[in-house]
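Structural overview for review
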There are 2 protein chains.
Amino acid sequence: VHDDTLLMQAINNVDEIDKCANLLAKRLREWYELYNPEASKQIDDHEKFIDVLLNKSKEDLQKELKVKFSMGADFSKENLKPIDELAEKIKEIYGLRNREKEYIEGMMKKSFPNIEAVAGAQIGAKLIAQAGGISRLSELPSSTVQLLGAEKALFRHMKTGAKPPKYGIIINHPWITNANKENKGKVARLIANKLSIAAKVDNFSGEFIGDKLKKEIEEKLKRV
Amino acid sequence: VHDDTLLMQAINNVDEIDKCANLLAKRLREWYELYNPEASKQIDDHEKFIDVLLNKSKEDLQKELKVKFSMGADFSKENLKPIDELAEKIKEIYGLRNREKEYIEGMMKKSFPNIEAVAGAQIGAKLIAQAGGISRLSELPSSTVQLLGAEKALFRHMKTGAKPPKYGIIINHPWITNANKENKGKVARLIANKLSIAAKVDNFSGEFIGDKLKKEIEEKLKRV
């Protein structure tokens, strides 16, 4: 069993944990909103909402949020307990996700340091998983690396003539999210280029050239 | 906020927790099978599998299962840790589900004792949730109660002339699962009959007649 096989399990697991946590957090909100609707509606982020729910009483929250007349009902302790337990568990599930992410980061740094340097641990792991392993990823041309994870949009383009996708998994790379709209495609091509080199070096356990690759991209980004 | 509103949150939550636990348990198996495939394949039940995984070493398990040559790979401690943590968390999620089920049972016994007596806590709560509350459930004719939760099959029957469904949520009632195949429909009608009476009494907070209803069904079951 190679490291990329383990990595694929872990990164898929992170996705599934996220899915679960979101499903349960939505239920938690619906349930808690019977009790204290104003607080739930003012805090969009699930993790923050759960922290607040677990640490502050309804009264404190309503004072803070300056709620004068609450639409929520009074709950007995007995009826609050299952809500609190659910919140506690979701918090722990988020904790598990974070630990799995740390595990992925450690493994990326150890076994695929060049990909990690160019794409970051999570995006890098997703690329390896989407390609089906490091050796497959290393064989892909950079144009395919650029579109990995955008297969649906690509086939829609080929079938119906809709706009072709410009990026797949790498869309979340900070260099792309920070680029101007008209430059995003160019930056994606640049990153994919260096990524396909990084994957080849990592696959054949070559030396660490991640810093160099990163610097080359940064140089070019200045001129974009 | 009435008790049936809380009940609906809790019973839907139990379903969602189950879905999550299954999703994560499937991933756990796939991951663990890289390490010890024989053990995972011989234990079908997720909860039992997780207990075994957490309490026994690979060596012990292989001795017990008389595996002479394992297809699994060796794992470092570091690589086993995320698997163990995932297993631990799934176990806790099952624990949460059981506590939510106990909460549902307590509430059914307190607020809907007649439905609880005839259908049991979990099936009763599902019926209330599917109907959209106790007052709606109490208004349904017993033929509708019988088919609650089988709407898809019912519409398929009406549209395509496929076989009509004989039961919905109550299919898991022990009296129905234990009945002979040709009697299941009859038993379902019997239970639905008494259930619609039970729902009416519970809705108007009447006395407890659950024992009587149960006995009447049991009498008739003898003659089925």
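Note that the coordinates shown come from a computational prediction; the quantities given were computed from them, not determined experimentally. (Residues numbered from 1 in each chain as written. Chains lettered and ligands numbered in written order. Predicted model: local features only at pLDDT ≥ 70, side-chain atom pairs only at ≥ 80, totals over all residues. Heavy atoms only, no water.)

Remarks on the overall build of chain A
A count of helical and extended segments in chain A gives 13 helices and 0 strands. Counting from the amino terminus, helix and strand elements in chain A follow one another as α-α-α-α-α-α-α-α-α-α-α-α-α. C-alpha extents for chain A along the principal axes are approximately 60 × 40 × 35 Å. Within chain A, buried positions represent 50% of all 224 residues. Taking the contacts inside chain A whose residues are at least 6 apart along the sequence as the reference set, 60% of them involve residues at least 24 apart. Within the structure as shown, chain A displays about 12,000 Å² of accessible surface, and the carbon and sulfur contribution to it stands at 50%. Computed over 39 positive and 34 negative side-chain charges, the separation of the two mean positions in chain A equals 7 Å. (Helix = DSSP H or I, 4+ residues; strand = E, 2+ residues; numbered from the N terminus. Buried < 20%, exposed > 50% of the residue type's maximum accessible area, 1.4 Å probe, protein only. Contact = heavy atoms within 4.5 Å. Areas by Shrake-Rupley, 256 points an atom, 1.4 Å probe, with all protein chains shown as cover. Lys, Arg positive; Asp, Glu negative; His and termini not counted. Charge placed at Lys NZ, Arg CZ, Asp CG, Glu CD.)

Some remarks on the state of the cysteines
Linking two cysteines covalently via their sulfur atoms produces the bond known as a disulfide. For the structure on display, the rule yields 0 disulfides over all chains. Here Cys 20 of chain A stays free of any disulfide, with the sulfur of Cys 20 of chain B as its closest cysteine sulfur at 3.0 Å. Given a relative accessible area of 2%, Cys 20 of chain B falls into the buried group. (Disulfide = S-S within 2.5 Å.)

Looking at the interface of chain A and chain B
At the interface, 32 residues of chain A touch 32 residues of chain B. Between chain A and chain B, roughly 3,200 Å² of surface is buried when both sides are summed, and carbon and sulfur atoms account for 64% of that area. Of all residues in chain A, Gln 9, Arg 27 and Trp 31 of chain A give up the largest surface area on contact with chain B, accounting jointly for 19% of the area buried on that side. Counting every contact that joins chain A to chain B gives 6 salt bridges. Of the charged contacts in the structure, one is a salt bridge between Glu 92 of chain B and Lys 89 of chain A, with a shortest N-O distance of 3.0 Å. Applying the counting criterion to the chain A and chain B interface returns 12 residue pairs in polar contact (both at pLDDT 80 or more). A per-element tally of the side of chain A that touches chain B places helix H1 (residues 3-32) of chain A first, with 15 residues. For the side of chain A that touches chain B, the class distribution of residues is 17 nonpolar, 5 polar and 10 charged. (Buried area = accessible area lost by both parts, 1.4 Å probe. Salt bridge = Lys/Arg side-chain N within 4 Å of Asp/Glu carboxyl O. Polar contact = N/O pair within 3.5 Å; in protein donor to acceptor, adjacent residues only side chain to side chain. Nonpolar A, V, L, I, M, F, W, Y, C, P; charged D, E, K, R; others polar.)

A word on the packing of aromatic side chains
Residue and element names in this part refer to chain A. Applying the stated criterion across every chain, the model contains 6 aromatic pairs over all chains. Taken together, a centroid distance of 5.8 Å and an interplanar angle of 70° make the contact between Tyr 32 and Tyr 35 edge-to-face. Residue classification places Tyr 35 among the buried positions, given a relative accessible area of 12%. The interplanar angle of 55° and the centroid separation of 5.1 Å between the aromatic rings of Tyr 35 and Phe 75 together place this pair among those described as tilted. With Tyr 35 in the loop between H1 and helix H2 (37-42) and Phe 75 in the loop between helix H4 (58-64) and helix H5 (77-111), this residue pair connects regions lying 40 residues apart in the sequence. Side by side, Tyr 35 and Phe 75 carry an identical accessibility label, which is buried. Joined through ring pairs, the aromatic side chains of Tyr 32, Tyr 35, Phe 49 and Phe 75 make up one cluster. Taking the ring centre of Tyr 35 as reference, the NZ or CZ of Lys 58 above it sits at 4.4 Å. (Phe/Tyr/Trp six-rings, centres within 6.5 Å; stacked < 30°, edge-to-face > 60°. Lys NZ or Arg CZ within 6 Å of the ring centre and 35° of its normal.)

So, the relation of the copies chain A and chain B
At an RMSD of 0.0 Å, chain A and chain B line up after a rotation of 180° and a shift of 0.0 Å along the axis. Here the two chains are linked by the operation of a two-fold rotation axis. In terms of proximity to the rotation axis, the leading residue of chain A is Cys 20 of chain A, whose C-alpha is 2.7 Å off the axis. When the interface residues of chain A are mapped onto chain B, 100% of them again fall at the interface, so both copies present the same face. (Least-squares fit on C-alpha atoms with pLDDT ≥ 70 in both.)

So, helix H12 (residues 184-203) of chain A
Residues and elements named next belong to chain A. Taking 1.5 Å of rise per residue, the 20 residues of H12 would be expected to cover 28 Å, and the 28 Å separating its terminal C-alpha atoms lies within 8% of that figure. The buried fraction of H12 is high, at 14 of 20 residues. Ser 205 sits one or two residues past H12 and shows a positive phi near 45°. (Expected span 1.5 Å × (residues − 1).)

Regarding the pattern of salt bridges
As a working rule, side chains carrying opposite charge can pair if their charged atoms are close by. A complete count under the given rule lists 30 salt bridges over all chains for this structure. Its salt-bridge partner being Lys 91 of chain B, residue Asp 51 of chain B comes within 3.4 Å of it at the nearest N-O pair. Of this pair, Asp 51 of chain B sits in helix H3 (residues 46-55) while Lys 91 of chain B sits in helix H5 (residues 77-111), and the two are 40 residues apart along the sequence. Salt bridges here are not isolated pairs; linked through shared partners, they connect Lys 89 and Glu 92 of chain A together with Lys 89 and Glu 92 of chain B.

Some remarks on the nonpolar core
Ranked by size, the top nonpolar core spans 138 residues in total, and within it Ile 115 of chain A together with Ile 115 of chain B carry the most contacts. Each residue touching Ile 115 of chain A, except ones within four places of it in the same chain, is listed here: Met 108, Gly 120, Gly 124, Ile 128, Ile 134, Leu 137, Leu 195, Ala 198, Ala 199 and Asp 202 of chain A. (Core = buried A, V, L, I, M, F, W, Y, C linked by side-chain atoms within 4.5 Å.)

Here we look at unusual backbone geometry
All names here are of chain A. Here Lys 66, not a glycine, exhibits a phi torsion of approximately 55°, which is positive. The residue Lys 66 is located in the loop between H4 and H5 in this model. On the accessibility criterion, Lys 66 (72% relative accessible area) is exposed.

A short note on the environment of Glu 216 of chain B
In this structure, Glu 216 of chain B sits in helix H13 (residues 210-223). Spatially, the C-alpha atom of Glu 216 of chain B lies 8.7 Å from that of Lys 194 of chain B, the residues being 22 residues apart in sequence.

Things to note about the side chain of Asp 202 of chain B
Residue and element names in this part refer to chain B. With respect to the helices, strands and loops of the structure, Asp 202 is situated in helix H12 (residues 184-203). Lys 200 provides the closest opposite charge to the buried, salt-bridge-free Asp 202, at an N-O distance of 12 Å. For Asp 202, the contacting residues outside a window of four places in its chain are Ser 111, Phe 112, Pro 113, Asn 114, Ile 115 and Ile 134.

Observations concerning helix H3 (residues 46-55) of chain A
All names here are of chain A. Along H3, the residues classified as buried are His 46, Phe 49, Ile 50, Val 52 and Leu 53. Buried residues of H3, seen end-on, are gathered within an arc of 165° and therefore sit on one face of the element. Residues of H3 that are exposed and point over 90 degrees away from its buried face: Lys 48 and Asn 55. Turning to H3, the residues buried within the fold contact H1, H2, H4 and H5. (Arc of directions from axis to C-beta.)

Read these as spatial facts, not as claims about activity.
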